[in-house]
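So the chains spell out like this:
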Amino acid sequence: MSGRKETVHDLAKFIDKGVQVKLTGGRQVTGTLKGYDQLLNLVLDEAIEFLRDPDDPLKTTDQTRRLGLIICRGPAVMLVSPTDGTDEIANPFMQPDGA
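The rules behind each value
- Residues numbered from 1 in each chain as written.
- Predicted model: local features only at pLDDT ≥ 70, side-chain atom pairs only at ≥ 80, totals over all residues.
- Heavy atoms only, no water.
- Helix = DSSP H or I, 4+ residues; strand = E, 2+ residues; numbered from the N terminus.
- Buried < 20%, exposed > 50% of the residue type's maximum accessible area, 1.4 Å probe, protein only.
- Contact = heavy atoms within 4.5 Å.
- Core = buried A, V, L, I, M, F, W, Y, C linked by side-chain atoms within 4.5 Å.
- Pairing = 2+ DSSP bridges.

Notes on the overall build of the chain
Summing up its helical and strand segments, the chain has 0 helices and 5 strands in all. The secondary structure elements of the chain, listed N-terminal to C-terminal, are β-β-β-β-β. Expressed as a percentage of its 99 residues, the buried residues of the chain come to 25%. Considering only residue pairs separated by 6 or more positions, the chain has 43% of its internal contacts joining residues 24 or more positions apart.

Written out as structure tokens, the structure reads:
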């Protein structure tokens, strides 16, 4: 066994780097991770929220809102991913219109 136990909550490698955070309720923010704790409370700087489509609250739009320095409460955090090295692709499981 290795001497160091790596957990899912080991976010130290993302400190001072861009992250994307998805929260319960469908909100999505990006920003620079400045800190976190064992409860997964996250401190993001230069945070930007992607606004949701009023017709379909499950979809985000290209509209954004600058939030600045924020704290994301751990119980609301569903996903944390780096912004560098990720690309958005088309959903391969979506049926084309008219099919």
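Let's talk about the environment of Lys 22
On the secondary structure map, Lys 22 appears in strand E1 (residues 18-23). Taking C-alpha positions, Lys 22 is 6.3 Å from Val 77, a pair spaced 55 residues apart along the chain. Residues in contact with Lys 22, not counting those within four places in the same chain, are Arg 27, Gln 28, Ala 76, Val 77, Met 78 and Leu 79.

A look at the nonpolar core
With 14 residues, the main nonpolar core has Val 21, Leu 33, Leu 42, Leu 44, Cys 72 and Val 77 as its most contacted residues. Excluding residues within four positions of it along the chain, Cys 72 makes contact with Leu 23, Val 29, Leu 40, Asn 41, Leu 42, Leu 44 and Val 77.

Observations regarding the pairing of E1
Along a regular strand, successive side chains alternate from one face of the sheet to the other. The pairing of E1 with strand E2 (residues 28-36) spans 5 bridges and is antiparallel. If you follow Val 19 over to E2, its bridge partner there is Gly 31. Taken together, E1 and the strand that follows it, E2, pair antiparallel across an intervening segment of 4 residues, in which Gly 25 is found at a positive phi of about 90°. Pairing between E1 and strand E5 (residues 77-82): 5 bridges, direction antiparallel. Counted as the bridge partner of Val 21 is Val 80 from E5.

Examining the environment of Ile 15
Structurally, Ile 15 can be placed in the segment before E1. Considering only alpha carbons, one finds Ile 15 and Thr 32, 17 residues apart in sequence, at a separation of 7.5 Å. When sequence neighbours within four positions are dropped, the list of residues in contact with Ile 15 reads Leu 33, Lys 34, Gly 35 and Tyr 36.

Looking at the side chain of Thr 32
Mapped onto the secondary structure, Thr 32 falls in strand E2. Taking the relative accessible area as the measure of exposure, Thr 32 reaches 18% and is therefore buried. If near-sequence neighbours (up to four positions away) are discounted, Thr 32 is found in contact with Asp 16, Lys 17, Gly 18, Val 43, Leu 44, Asp 45 and Glu 46.

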